[in-house]
Amino acid sequence: MMVGLNDDIEEIYNGGKEHHIKTCHGSVSVVVYGDQEKPALITYPDVALNYLSCFQGLFLCPEAVSLLLHNFCIYHISPPGHEFGAAPVCSNDPSPSVEDLADQILEVLNFFSLEAVMCMGITAGAYILSLFAIKHKDRVLGLILISPLCKAPSWSEWFYYKVVSNLLYYYGMSGLLKDIFLQRYFSKEARGSSEVPERDVVHECRRLLGERHSSSLMRFLEAVNRRHDLTDGLRSLKCRTLIFVGDQSPFHSETLHMVTALDRKYSALVEVQACGSMVTEEQPHAMLIPMEFFFMGFGLYRPGRVSDSPRSPLSPSCISPELLSPESLGIKLKPIKTRVPTKC
């Protein structure tokens, strides 16, 4: 088992295979890790980020590797222009809407001949995946959402990010704008102070922000700033949904609103203490046990637990639905306070 785990970690470090897929709303980059015969897990990052800056902390945890890559083939989708080495977006290209970005996901699934998939997204990425799940219920098995958005922006949020967009247009990714985005992603403790240096994960994210083209970032930011309220659509969702949020996330209250909109039988919330929006990077260990119980509902386990092959289609029917309620899993809808070591 250890040899297989080492192979999975080596694959993460060496990188997956990148595909550039032409869709009706422009080209989109998808990086694939793992055996494509296994069930699919797709990821979608937050504004100004890609899969490496959003999910690396989680996917480099040995415990997460043994759980995720043993059971899934990972498809990391980047918003247009957010992939590594992306060229600047042509100013004449139409700016996509959140609906367009959700429709791109359907085209990605069709390109790889994927049926129903597991989804994992952070904040704006969680909104796009939630919208996709509402529009295409038969293509989504489950949702893992981290500090998700679900409502239309308030007037103050809309104005705030309109100013950010204008600053990007005139000045590019300046030091001030990097600080603004880092406040969106990380807790105050992680960002440090004049006396305490920022953590390595924040420093690396700051560096990666400097590699984004302002034009691509503005388009994604403006699409998210024009988003509509998903509350009514969320009430009709029946796929199992596991939600994480840091108690210092700027989107904490919106996450709690989303939980109230979802069916209690199919959703659960884990609140992580001393953490910002990106639980995957700041406290990835807090996600491991809830995810393991969540995947048990689909007959998926860590290697060595059972002899069933992960190549078989995902099906939650092997366990009684009553046993998979949040209460049965030990995950109460009232936020669970968790505190774990900050380093993987």
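Residues numbered from 1 in each chain as written. Predicted model: local features only at pLDDT ≥ 70, side-chain atom pairs only at ≥ 80, totals over all residues. Heavy atoms only, no water.

Undergrad: Quick question: what am I supposed to make of the state of the cysteines here?
TA: Disulfide: a covalent bond connecting the sulfur atoms of a pair of cysteines. Scanning all chains against the criterion turns up zero disulfides. Here Cys 119 stays free of any disulfide, with the sulfur of Cys 239 as its closest cysteine sulfur at 7.8 Å. (Disulfide = S-S within 2.5 Å.)

Undergrad: For this particular structure, what's the right way to read a nonpolar patch on the surface?
TA: On the surface, a cluster of nonpolar side chains totalling about 450 Å² of accessible area is made up of Trp 155, Trp 158, Phe 159 and Val 163. Tracing the chain through its elements places Phe 159 in helix α6 (residues 155-171). (Patch = residues over 30% accessible without salt bridge, like charges linked within 9 Å, V, L, I, M, F, W, Y side chains within 5 Å. Areas by Shrake-Rupley, 256 points an atom, 1.4 Å probe, with all protein chains shown as cover. Salt bridge = Lys/Arg side-chain N within 4 Å of Asp/Glu carboxyl O. Helix = DSSP H or I, 4+ residues; strand = E, 2+ residues; numbered from the N terminus.)

Undergrad: I would appreciate a short explanation of the environment of Leu 269 in the present structure.
TA: Topologically, Leu 269 is positioned in strand β8 (residues 267-272). With a relative accessible area of 1%, Leu 269 lands in the buried category. On a C-alpha basis, the gap between Leu 269 and Ile 243 in space is 4.8 Å, while along the polypeptide they are 26 residues apart. (Buried < 20%, exposed > 50% of the residue type's maximum accessible area, 1.4 Å probe, protein only.)

Undergrad: Can you help me understand the side chain of Glu 254 in this one?
TA: Among the structural elements, Glu 254 can be located in helix α12 (residues 252-261). Residues in contact with Glu 254, not counting those within four places in the same chain, are Pro 148, Leu 149, Cys 150, Lys 151 and Arg 227. (Contact = heavy atoms within 4.5 Å.)

Undergrad: Looking at this structure, I do not really get the packing of α6 against helix α7 (residues 175-185). What am I missing?
TA: Geometrically, a packed helix pair is captured by the angle between its two axes and the distance between the axes. Closest axis-to-axis distance for the α6/α7 pair is 11 Å, and the angle between their directions is 145°. The way α6 lies across α7 gives a crossing that is left-handed. Across the interface between the two elements, Tyr 160, Tyr 161, Val 164, Leu 167 and Leu 168 from α6 touch Leu 177, Ile 180, Phe 181 and Arg 184 from α7. When grouped by side-chain class, the residues that make up the contact of α6 with α7 number eight nonpolar, no polar and one charged. (Axes fitted to C-alpha atoms, helices over the stretch in contact; angles between N-to-C directions. Left-handed = near helix turned anticlockwise from the far one by under 90°. Nonpolar A, V, L, I, M, F, W, Y, C, P; charged D, E, K, R; others polar.)

Undergrad: I would appreciate a short explanation of α7 in the present structure.
TA: An α-helical turn contains 3.6 residues, so a residue and the one three or four places further along point in the same direction. Taken together, the buried positions of α7 are occupied by Leu 177, Lys 178, Ile 180, Phe 181, Leu 182, Arg 184 and Tyr 185. The elements touched by buried residues of α7 are α5 (124-135), α6, α8 (188-191), α9 (200-209), α10 (214-225) and α13 (279-282).

Undergrad: Just to check I follow, could you spell out the nonpolar core for this structure?
TA: Across soluble globular proteins, nonpolar side chains show a tendency to be buried alongside one another. Judged by nonpolar contacts, the single largest core of 108 residues is most densely connected at Phe 181, Tyr 185, Met 291 and Phe 295. At nine residues, the largest contribution of residues to this core is made by α5. (Core = buried A, V, L, I, M, F, W, Y, C linked by side-chain atoms within 4.5 Å.)

Undergrad: Mind showing me how you'd approach the pattern of salt bridges here?
TA: Where side chains of opposite charge bring their charged atoms close, a pairing between them can arise. Summed over all chains, the structure comprises twelve salt bridges. Between Asp 46 and Arg 184 there is a salt bridge; the shortest N-O distance is 2.8 Å. In this pair, Asp 46 is assigned in the loop between β3 (40-44) and α2 (51-59) and Arg 184 in helix α7, connecting sequence segments 138 residues apart. We classify Arg 184 as buried; its relative accessible area is 4%. In this structure, the salt-bridge partner of Glu 282 is Arg 199, at a minimum N-O distance of 3.8 Å. On the criterion of sequence distance, the pair formed by Glu 282 in helix α13 and Arg 199 in the loop between α8 and α9 is long-range, its members being 83 residues apart. Linked through salt bridges whose partners overlap, the residues forming this network are Glu 99, Asp 103 and Lys 135.

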